[in-house]
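One-letter residues, chain by chain:
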There are 2 protein chains.
Amino acid sequence: MAKIDDVARLAKVSKGTVSNVFSQKRRTSKEVTERVLSVSRQLNYVPNHIARSLVTKKTMAIGLTIPHGNFFFSAFHNQFINGVVLEASYHGYRVLLDMIPTQQVKTPFLSSYPIDGAVVMSPTTDDERIRLLHMDDIPFVTVGRVMNADIENAPSVDNDNERMMHKIVRYLADKGHRSIMFLNANELMTVSIDRNEGFIRAMEERRLQVEAHMIHHKPAILSNEYMDYGYAETLNVLGGQGRGVTAIIADDDRTAFSSLNALKELGLRVPEDVALFVICGDLSMMVQSNPSLTSMDLRPSELGAQSVRLLMHKLGVLTDHFPENIVVESTIVERNSC
Amino acid sequence: MAKIDDVARLAKVSKGTVSNVFSQKRRTSKEVTERVLSVSRQLNYVPNHIARSLVTKKTMAIGLTIPHGNFFFSAFHNQFINGVVLEASYHGYRVLLDMIPTQQVKTPFLSSYPIDGAVVMSPTTDDERIRLLHMDDIPFVTVGRVMNADIENAPSVDNDNERMMHKIVRYLADKGHRSIMFLNANELMTVSIDRNEGFIRAMEERRLQVEAHMIHHKPAILSNEYMDYGYAETLNVLGGQGRGVTAIIADDDRTAFSSLNALKELGLRVPEDVALFVICGDLSMMVQSNPSLTSMDLRPSELGAQSVRLLMHKLGVLTDHFPENIVVESTIVERNSC
DNA sequence: TTGTATGCGTTATCAT
DNA sequence: ATGATAACGCATACAA
């Protein structure tokens, strides 16, 4: 691999000049620029990213930390990552995919982390990743509210979880539903906490009773029940005993489908007997489902893009004024399940 | 941030010794080791990854290049990435997510690429990414066969595409189907080419006619028809004209659901009137669909893990004997759609 | 087992 | 506008 000295020698300029031709940090005459570029092409030269990083102290990469464990992307994650990668590359940044595996790995943090900043997905209460980032002084943006005890004012991007639940409850209540079951996300995630509160508050506002059997949380990702979440709950609560639940809010598409299956087994029709409402989910799946599923669009791709944009401000790449906490509006998409 | 000299001074050793304590490349006495570690903790020191990379010429990161464009992960991609990240982290490697966006970005290849190797998903004929990697002498492994003109003997991981199609056709033919429609992946992908050949050959072997209306290819990812692929084709071919198609092979879950929807609209029952077979797809979706879909399991997570393992051999991280081209066995999972 | 000196390839500072 | 040179923080060959 050719180095900067080779180019400098052949182009009869100093290495400083070659450096400037590539970094554009100060002007170079058209003449020299072209000579350098020509020689570089000839030698197949490109600046060494590592050496550059060593002196600039910028890696031009951001980390994307993903929910830990033997994770399983949902449609939400997909589109979110989409938004992140696209927006990052737009600013010249690369994305380092990252997870905190449950099993011990060879090099956890044996050396510094070669990223300029990070996007943290689905923070949990007292999130380990956030602790680490904070300790290492790496700027980060979370998607969802941070609830670590010692950290305040963390920049974040989030949906309006409270309002979202109000909107959903209102929507269902207006259709006459009084007993609504909420199949929430995992209880450790901060968004799930916010949504829970929103749900309960919205129900109370409407003078609707919230009973224990009406709120459930997705099991840990590695548990056996994970894949079946929604099925057993629906069977239990809507089967036999007749607790009077007439509407179900499901956390994601997988959960919704599980629930839908249980409903079919129980001989309950959607939406005639029971309404099914999905939070987010894969658009094409929602549409192609039978019946198509009414859902709350969380706009994950937008969440991803905004989180990167916010991070770019933290990194000083973008300098116009920008809020510290961005709320991405979520909207109800009516289909045929409610 | 503390540097190696600070630690050396406080621990009263040379920087070379500090270096060795962390890299473990040569023994250090227990005494010294502990003193160094203790001081490091005290100063919150960790070796600088960039500086280390500059001299070792290893970034401890691999690239994962994803189908270009405003891409859209499918269940296959999800699980694949899962396998890649998990296996990579097991060997102490990080994963740099990478895409070649359609829109022009700021820094395409303005500087060298800070990865030790790459995994290339879904190679196309004359793949640009492969050209670049090859030019830059970056070891890479493809998932699917390489068809670039100037590249031979590229290490790869793949399913047995030919055999797979034989198995599927045999399976369907044994159930009495003689006219089978194949909703294949995008025609640029090498796997789709292989599967096409396999399909045609398998049909011929069984003396079954392959007509033009029986083979379709997924439109480009940015086109309007992309999301609807499967729907229009099913409507056209199985509607009105009655071309006698009694079985459909769909490339992925999205396509299958589209097709399923069209079948419902046509009043055709699955599997009574038409058999529907899915290649890969999201397990939980397949199961929860109604009817549950019989499918070919491509084992994407295994593909991901194996591709990383193969790459590790290319990088000299793993040294035992290992084949250059790995075939991951795919198996039929029978459900209720055929 | 440990210390010393050199180099990795670039950017930045200070000249000119 | 360009050149010369000192960092950047570490690993490693060689010396002790």
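Residues numbered from 1 in each chain as written. Chains lettered and ligands numbered in written order. Predicted model: local features only at pLDDT ≥ 70, side-chain atom pairs only at ≥ 80, totals over all residues. Heavy atoms only, no water.

Participant: Tell me about the protein's contact with DNA strand C, residues and numbers included.
Facilitator: In the vicinity of DNA strand C lie 29 residues, with A:Ile4, A:Ser19, B:Thr17, B:Ser29 and B:Val32 positioned nearest. In DNA strand C, the atoms that sit within 4 Å of the protein are 65% sugar and phosphate, with bases accounting for the remainder. With respect to DNA strand C, the side chain of B:Arg27 contributes an N or O atom lying 2.9 Å from a phosphate oxygen. Here a phosphate oxygen of DNA strand C and a side-chain polar atom of B:Ser29 are 2.6 Å apart. Sorting the residues of the surface near DNA strand C by element identifies α2 (15-23) and α4 (49-56) of chain A together with α2 (15-23) and α4 (49-56) of chain B as the ones contributing at least two each. Residue classes in the surface near DNA strand C are distributed as 11 nonpolar, nine polar and nine charged. (Near = heavy atom within 4 Å. Polar contact = N/O pair within 3.5 Å; in protein donor to acceptor, adjacent residues only side chain to side chain. Helix = DSSP H or I, 4+ residues; strand = E, 2+ residues; numbered from the N terminus. Nonpolar A, V, L, I, M, F, W, Y, C, P; charged D, E, K, R; others polar.)

Participant: With reference to specific residues and values, describe the packing of helix α7 (residues 161-174) of chain A against helix α8 (residues 190-205) of chain A.
Facilitator: Residue and element names in this part refer to chain A. For the pair α7 and α8, interaxial distance at closest approach is 7 Å and the crossing angle is 40°. In terms of axis orientation, α7 runs oblique to α8. Note on packing geometry: the crossing formed by α7 with α8 is right-handed. Where α7 approaches α8, its residues Asn-161, Glu-162, Met-164, Met-165, His-166 and Val-169 are matched on the opposing element by Val-191, Asp-194, Arg-195, Glu-197, Gly-198, Phe-199, Arg-201, Ala-202, Met-203 and Glu-205. (Axes fitted to C-alpha atoms, helices over the stretch in contact; angles between N-to-C directions. Parallel < 35°, antiparallel > 145°, perpendicular 65-115°, else oblique. Left-handed = near helix turned anticlockwise from the far one by under 90°. Contact = heavy atoms within 4.5 Å.)

Participant: How would you summarise the UniProt feature "domain: HTH lacI-type" (unreviewed entry) in chain A if you had to cite specific residues and measurements?
Facilitator: Under the UniProt annotation, the feature "domain: HTH lacI-type" (unreviewed entry) is placed at residues 2-56 of chain A. Secondary structure over residues 2-56 of chain A splits into 71% helix and 0% strand, and the C-alpha atoms at its two ends are 21 Å apart. (UniProt positions renumbered as here; feature names shortened; annotations may be inferred.)

Participant: Account for the pairing of strand β11 (residues 325-328) of chain A, with residues named and values stated.
Facilitator: Residues and elements named next belong to chain A. Residues Ile-326 and Val-328 line the buried face of β11, whereas the alternating positions Asn-325 and Val-327 sit on a face that is not buried. Relative to β11, strand β5 (residues 156-159) is paired through four bridges, and the arrangement is parallel. Residue pairing for β11: Asn-159 is matched across the bridge by Val-328. (Buried < 20%, exposed > 50% of the residue type's maximum accessible area, 1.4 Å probe, protein only. Pairing = 2+ DSSP bridges.)

Participant: Residues and numbers for the side chain of A:Thr190, please.
Facilitator: As for its placement among the helices and strands, A:Thr190 is situated in helix α8. In contact with A:Thr190, not counting residues within four places along its chain, are A:Pro123, A:Thr124, A:Thr125, A:Gly144, A:Arg145 and A:Met147.

Participant: Explain the protein's contact with DNA strand D residue by residue, including any values.
Facilitator: Taken together, 28 residues lie around DNA strand D, and A:Thr17, A:Val32, B:Ile4, B:Ser19 and B:Arg52 are the ones closest in. Counting only the atoms of DNA strand D within 4 Å of the protein, the fraction contributed by sugar and phosphate is 67%. One nitrogen or oxygen atom from the side chain of A:Thr17 is found 2.6 Å from a phosphate oxygen belonging to DNA strand D. Contacts to DNA strand D include B:Lys15, whose side-chain N or O atom sits 3.2 Å from a base nitrogen. Listing elements by their share of the surface near DNA strand D, those giving two or more residues are α4 of chain A together with α2 and α4 of chain B. No other element matches the five residues that α4(B) contributes to the surface near DNA strand D. Of the residues assigned to the surface near DNA strand D, the class counts are 11 nonpolar, eight polar and nine charged.

Participant: Please provide a residue-by-residue account of the domain arrangement of chain A, values included.
Facilitator: Looking at chain A, the domain boundaries give domain 1 (4-56), domain 2 (61-159 + 300-331) and domain 3 (161-297). Averaged C-alpha coordinates put domain 1 of chain A and domain 3 of chain A at centres separated by 59 Å. (Domains from an automatic or database assignment.)

Participant: Account for the pattern of salt bridges, naming residues and giving values.
Facilitator: Residues and elements named next belong to chain A. Per the stated rule, a full pass over the model turns up 33 salt bridges over all chains. Here Asp-251 ties to Lys-218 by a salt bridge, and the two come within 3.3 Å at their closest N and O atoms. Residue Asp-251 is located in the loop between β8 (247-250) and α10 (253-265), and its partner Lys-218 is located in the loop between β7 (215-217) and α9 (231-238); the two are separated by 33 residues in the primary sequence. For the pair shown, Asp-251 and Lys-218 are each scored as buried. (Salt bridge = Lys/Arg side-chain N within 4 Å of Asp/Glu carboxyl O.)

Participant: Outline the sheet that holds strand β6 (residues 180-184) of chain A, supporting the account with residue identities and numerical values.
Facilitator: Strands pair in a sheet through their backbones, by hydrogen bonds, and they do so in one of two ways: parallel or antiparallel. Residues and elements named next belong to chain A. Pairing in this open sheet of six strands is mixed, and the strands run β7-β6-β8-β9-β10-β12 from one edge to the other. What marks the edges here is a single partner per strand, and that holds for β7 and β12 (331-333). Taken pair by pair, the neighbouring strands of this sheet meet at an average axis angle of 20°, ignoring direction. In the sheet, β6 pairs with β7 via three bridges, with the strands oriented parallel. Within β7, the position partnered with Leu-183 by the bridge is His-216. Strands β6, β8, β9 (275-279), β10 (294-297) and β12 of the sheet are contacted by α7, whose axis makes an angle of about 165° with β9. Its contacts with the sheet put α9 on β6, β7 and β8, and the angle it makes with β6 is roughly 160°.

Participant: So, the confidence of the model for chain A: which residues are in play, and what are the values?
Facilitator: Considering every residue of chain A, the mean pLDDT works out to 89; 92% of them sit at 70 or more. Counted against residues more than four places away or in other chains, residues 102-108 of chain A, with its pLDDT under 50, gives 12 contacts. (pLDDT = per-residue confidence, 0-100.)

Participant: Please set out unusual backbone geometry residue by residue, giving values where relevant.
Facilitator: A cis geometry characterises the amide bond from A:Val270 onward to A:Pro271, with omega recorded as 5°. Mapped onto the fold, A:Pro271 is located in the loop between α10 and β9. With a phi angle near 60°, A:Asp137 is a residue other than glycine that sits in the positive phi range. Within the element layout of this structure, A:Asp137 appears in the loop between α6 (128-135) and β4 (140-143). One non-glycine residue, B:Gln24, lies in the positive phi region at around 60°. The topology assignment puts B:Gln24 in the loop between α2 and α3 (30-43).

Participant: Outline the packing of aromatic side chains, supporting the account with residue identities and numerical values.
Facilitator: Summed over the entire model, instances satisfying the criterion amount to eight aromatic pairs over all chains. An angle of 75° between the planes, with centres 5.4 Å apart, marks the rings of A:Phe22 and A:Tyr45 as edge-to-face. Of this pair, A:Phe22 sits in helix α2 while A:Tyr45 sits in the loop between α3 (30-43) and α4; the two residues are 23 residues apart in sequence, bridging distant segments of the chain. The exposure class assigned to A:Tyr45 is buried, which follows from its relative accessible area of 8%. Residues B:Tyr171 and B:Phe277 carry aromatic rings whose centres are separated by 5.9 Å and whose planes lie at 65° to one another, so their mutual orientation is edge-to-face. One end of the pair, B:Tyr171, is in helix α7 (residues 161-174); the other, B:Phe277, is in strand β9 (residues 275-279), with 106 residues separating them in the sequence. (Phe/Tyr/Trp six-rings, centres within 6.5 Å; stacked < 30°, edge-to-face > 60°.)

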